[in-house]
Amino acid sequence: MSATAVATTCPYCGVGCGVLAERRPDGGWRVRGDPDHPANAGRLCSKGAALAETLDLEDRLLHPELRGRRVSWNVALDHVAAEFKRIIQAHGPQAVAFYVSGQLLTEDYYVANKLMKGYLGAANIDTNSRLCMSSSVAGHQRAFGADAVPCSYADLELADLLVLVGSNAAWCHPVLWQRMLESRRARPEVKIVVIDPRRTATAAEADLFLPLRSGTDTMLFNGLLHHLNRESALNWSFLEHRTEGYAAAFAAARDSAPSIPAVAAACGLDAEDVARFYRMFTRTERVVTCYSQGVNQSSSGTDKVNSIINCHLATGRIGRPGMGPFSLTGQPNAMGGREVGGLANQLAAHMHLDNPDHRDCVQRFWKSPVIAQTAGLKAVDMFRAVGRGEIKAVWIMATNPVVSLPDADAVRAALAGCELVVVSDCVRHTDTTALAHVLLPAQAWGEKEGTVTNSERRISRQRAFLAPPGETRPDWWIVSEVARRMGFGDAFRYQSAADIFREHAALSAYENHNRRDFDLGGLAGIDDDSYDALRPVQWPLPAAMRERLPLPLRERAGGRGKPSPADSPPSPRKGVGVESRGTARMFADGRFFHPGGRARLVPIQPRPPACAPDEEYPLALNTGRVRDHWHTMTRTGKSARLSAHAPEPCIDIHPADAERSGLVRDQLACIESRWGSAVGRVRISDAQRPGEVFMPMHWNDQYAARARVDAVVNPAVDPHSGQPELKHTPVRIAPLRPAWEAVLFGVADPPAESAHWVRVRGNGGGRVHAAGLQWPRAGPPVAAGWLPPPAPGEELIEYADVAAGRYRAALLRGGRLRACVFAMRGGDLRPHIEWLDGLMGHQQPLSVADRMALLSGQPPRNGVDAGPLVCACFGVGRNTILKAARDGCRSVDDIGRALNAGSNCGSCRAEIRELLNAAS
Ligand code: SF4
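The rules we used
- Residues numbered from 1 in each chain as written.
- Predicted model: local features only at pLDDT ≥ 70, side-chain atom pairs only at ≥ 80, totals over all residues.
- Heavy atoms only, no water.
- Pairing = 2+ DSSP bridges.
- Helix = DSSP H or I, 4+ residues; strand = E, 2+ residues; numbered from the N terminus.
- Axes fitted to C-alpha atoms, helices over the stretch in contact; angles between N-to-C directions.
- Near = heavy atom within 4 Å.
- Nonpolar A, V, L, I, M, F, W, Y, C, P; charged D, E, K, R; others polar.
- Buried < 20%, exposed > 50% of the residue type's maximum accessible area, 1.4 Å probe, protein only.
- pLDDT = per-residue confidence, 0-100.
- Contact = heavy atoms within 4.5 Å.
- Phe/Tyr/Trp six-rings, centres within 6.5 Å; stacked < 30°, edge-to-face > 60°.
- Lys NZ or Arg CZ within 6 Å of the ring centre and 35° of its normal.
- Salt bridge = Lys/Arg side-chain N within 4 Å of Asp/Glu carboxyl O.

Engineer: How should I be thinking about the sheet that holds strand S30 (residues 794–801) in this particular structure?
Structural biologist: For sheets, the rule is that strands pair by backbone hydrogen bonds, running either parallel or antiparallel. In space, the six strands of this open sheet follow the order S28-S29-S27-S32-S31-S30, with antiparallel pairing throughout. Because the sheet does not close on itself, it has two edges, and the strands there are strand S28 (756–762) and S30. Direction aside, neighbouring strands of the sheet carry axes that sit 10 degrees apart on average. Across eight bridges, S30 lies against strand S31 (residues 806–813) in antiparallel orientation. By the bridge assignment, Leu796 is partnered in S31 with Leu811.

Engineer: What is the right way to look at the site of the ligand in this model?
Structural biologist: Looking at the ligand, the residues that line it are Cys10, Tyr12, Cys13, Val15, Gly16, Cys17, Leu44, Cys45, Lys47, Gly48, Pro174 and Val175. Secondary-structure elements contributing two or more residues to the shell around the ligand are helix H1 (46–49) and helix H7 (174–186). Broken down by class, the residue content of the shell around the ligand amounts to nine nonpolar, two polar and one charged.

Engineer: What am I meant to see in the pairing of strand S27 (residues 740–745) here?
Structural biologist: A regular strand places its side chains on the two faces of the sheet in alternate fashion. Here S27 lies mainly inside the structure; six of its six residues are buried. The alternating pattern of S27 places Trp740, Ala742 and Leu744 on one face and Glu741, Val743 and Phe745 on the opposite face, and all of these are buried. Inspection of the sheet shows S27 paired to strand S29 (residues 765–772) by six bridges, in the antiparallel sense. When the sheet's bridge partners are listed, Glu741 is paired in S29 with Ala771. Both S27 and strand S32 (residues 816–825) contribute to a ladder of six bridges, which runs antiparallel. When the bridges of S32 are listed, Trp740 appears paired with Arg825.

Engineer: Could you clarify how one ought to interpret the confidence of the model for the protein chain in this entry?
Structural biologist: Low-pLDDT portions of the prediction should not be read for the details of their coordinates. On average, residues of the protein chain carry a pLDDT of 92, and 95% of them reach 70 or more. Counted against residues more than four places away or in other chains, residues 550–580, with its pLDDT under 50, gives 54 contacts.

Engineer: Which parts of the structure should I look at to understand the packing of aromatic side chains?
Structural biologist: Aromatic ring pairs are reported here in terms of the distance separating the ring centres and the angle at which the planes meet. Following the criterion strictly, the structure yields 29 aromatic pairs and no others. What links up through ring pairs into an aromatic cluster is the set Phe144, Phe238, Phe587, Phe592 and Phe593. Directly above the ring of Tyr531 sits Arg461, whose terminal nitrogen or CZ lies 4.3 Å from the centroid. A cation over a ring is seen here: Arg625 above Trp630, with NZ or CZ 4.1 Å from the ring centre.

Engineer: Sorry if this is basic, but what is going on with unusual backbone geometry here?
Structural biologist: Trans is the prevailing form of peptide bonds, just as negative phi is the prevailing case for residues other than glycine. In the segment running from Trp539 into Pro540, the intervening peptide bond is cis, with an omega of 0 degrees. Mapped onto the elements of the fold, Pro540 is located in the loop between strand S19 (537–538) and strand S20 (599–600). The backbone phi angle of Lys367 is positive, close to 55 degrees, even though this residue is not glycine. On the secondary structure map, Lys367 appears in the loop between helix H16 (356–366) and helix H17 (379–387). In this structure Lys367 comes out as exposed when scored by relative accessible area, which is 71%. The backbone of Phe587 shows a phi angle near 65 degrees, a positive value even though the residue is not glycine. Structurally, Phe587 can be placed in the loop between S19 and S20. Judged by its relative accessible area of 6%, Phe587 falls in the buried class.

Engineer: I keep staring at the pattern of salt bridges and nothing clicks. Help me out?
Structural biologist: One side chain can pair with another of opposite charge once the charged atoms of both are near each other. A complete count under the given rule lists 68 salt bridges for this structure. With its nearest N and O atoms 2.8 Å apart, the salt bridge here joins Glu244 to Arg600. Of this pair, Glu244 sits in strand S11 (residues 243–244) while Arg600 sits in strand S20; the two residues are 356 residues apart in sequence, bridging distant segments of the chain. Judged by its relative accessible area of 31%, Arg600 is partly exposed. For the salt bridge of Asp701 with Arg412, the shortest nitrogen-to-oxygen distance reads 2.6 Å. Taken together, the residues Asp701 in the loop between strand S25 (692–696) and strand S26 (729–735) and Arg412 in helix H19 (residues 408–416) connect sequence positions 289 residues apart. Here Asp701 falls in the partly exposed class, since its relative accessible area comes to 29%.

So, in structure tokens, the structure goes:
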């Protein structure tokens, strides 16, 4: 690490990779993987590697605003505090709510939860993590008596069988996926099974892929449990001494999934494949079952989680190296939110709202005037209550529910009718800030200090390396200031994130006596310098473990994020990962957190999804991520590199369904459900199961017209966790058939005549893809004003083939391309996007050949057209890979050696393999 590097963590997914931010000589920033962070040991995926491209201040919220007017912090905070007080006095504490986020740091989360549950006296605080992993929380609590993730990442490398259920780790947890693949490369006996309705990039690398029918996971795992019983593969000692409820669980498994053929028929799988999976699981002791949103985001998500955990408890494969059920969380600090009670049905420090002793304990610790007595409203219900006018004031922190919640148009309508909407965010324009009465500018990643917890319970520091811009403030400061103005100043006198962390750690240890899983007593007395230099550590870390910690940095003179070499953790060792600090593995002593100390097997009755496809809506819609974007694109949408792999919202559909729906490849189509509609571009692929379609979750009104897929999604929720069914909504699909399509480079806004548009960040600036239902009367592109009129010194070149309906025009300044339009009436517009994007980024005047090529719409023979991006880490396009294949590259590793492609995060390896197969 250089002398100026600041060690922090990536703000994207729950892997929680460590990164080093370093100043470049030109004053910019470089972000690279931290070789000393145990989660990634220096690796980064494409998103993490592009972090330095997302640090600009474009569209940052820099000043408080009240009803669209810039105001001082005092005015804004006084207004929020007075309005919350007024509404509570008039209607009671249940009339207000906080909706928070897995993007918040633990310290921010802690303060917001304390204000709501201990001082306002209600529990209407819920988090967007409700949407990604609350079924895992509920499943853990049912099985273990606490929300404790059993495994560590090192277990992924110690396992002989890795089962991934509803997890496209190659795209969504790429660094963990790389660790799994490296483990298999080092020990070829390691096998990977992928269970997913879609043949994803993860499935493409699997030794066995089970493309099960959406929503049938509980059948598959009930079948496995029954198979383990029938094959006498149970760990009876563990069952007898460490668990309860197994007889009922076995009976439910037997009754619902009596045979492999019955399971195969219900899941839409080949019976031989099911039998092979069951054999692999039965015969392999060291099994880790990873699961993610494909399991959690379901109206039976909690049951799915427990059906998986049942199989691990039945075999005693938990709490030992290389074994266990492993929930991979989506957001960077979903776990931190769980620790502080960011969910409406939890108290702080993993204590339970429905436990009077816990309520009493927290209230005494906080010395608070009140404590919430009952669970608050979970996310979907919270916004329904806003819509009914029962919640009259809502404060949304660092999240965008108008895009991400199901039935998103109803959420938008609810906020539009709400008496007071406060949004604290670092972004000025989102679909949610558009509805805010008060906007509070928060600090962003790189500007704020605090901690996050990743999927393996590892707490890491986020450290500031950028000066906070404008009047931005930390979220914890904003909440504390409102609390102070509401009359609770004594309890919110924090001067720093470290103050809050100490209190959070002390509460976790308060009257704990080893009875609660979450215990940070070993960090309760941490001083400012040690907090500043805190290295990644896994909870639980009770006070008794303090002595086993390596020296904290309190004895060092160095500033934050500059540990001396003497304190560096050991280098990564192949196969076992970097040494952990704290507790690497839960339940190693066979003790769980239910009264009596036993784990519980839960009898599972498989249930169909909440709403089945029918004649009117014959397809099941699945939603999820694309490889290089994150959430609602507020950060990744700024990067040309990250925008290149999937520039437009797509709709993936099986060839048979496409034919039945009259769809062809690359056509725009409208997907529609009983709740709403969205538009995307059709990709026909047999990676989809027949009857199921997929659309990504990222696009919103800032980036596209009518592409918020969550407007389409059924708001049904799991009865235990309240997690919405984001992966199974009955829909129908129809072609859009626009009268024209166009791509406009160097233009910020879509043509006024557009019925559909998408904004994309490119190397040469922004571009817009647009389509309209009526051809402009004036005739595009120039006469209709799609390009600005040429200024003095600018030159306009144009081409029109009226008969064929093709139009091209370019605006040149000093010979350099400033803007251009490719438009097509009807027909099929397929410009060479990457070539044109390259021309837009040219610093030199265009050659005559380039000008001719522009008007002909074809790259010149010797022109560079790398083709659509495949490898974002090294910027390698499809055409370049195909050329390397023609030049003799035969394998993905050959391509890696020749072009680097696929050799970093590996998310594109499946795509490279497909290209090589197609080329051979
Ligand atoms: Fe960030 Fe990628 Fe690591 Fe996730 S896997 S934390 S997105 S670098």
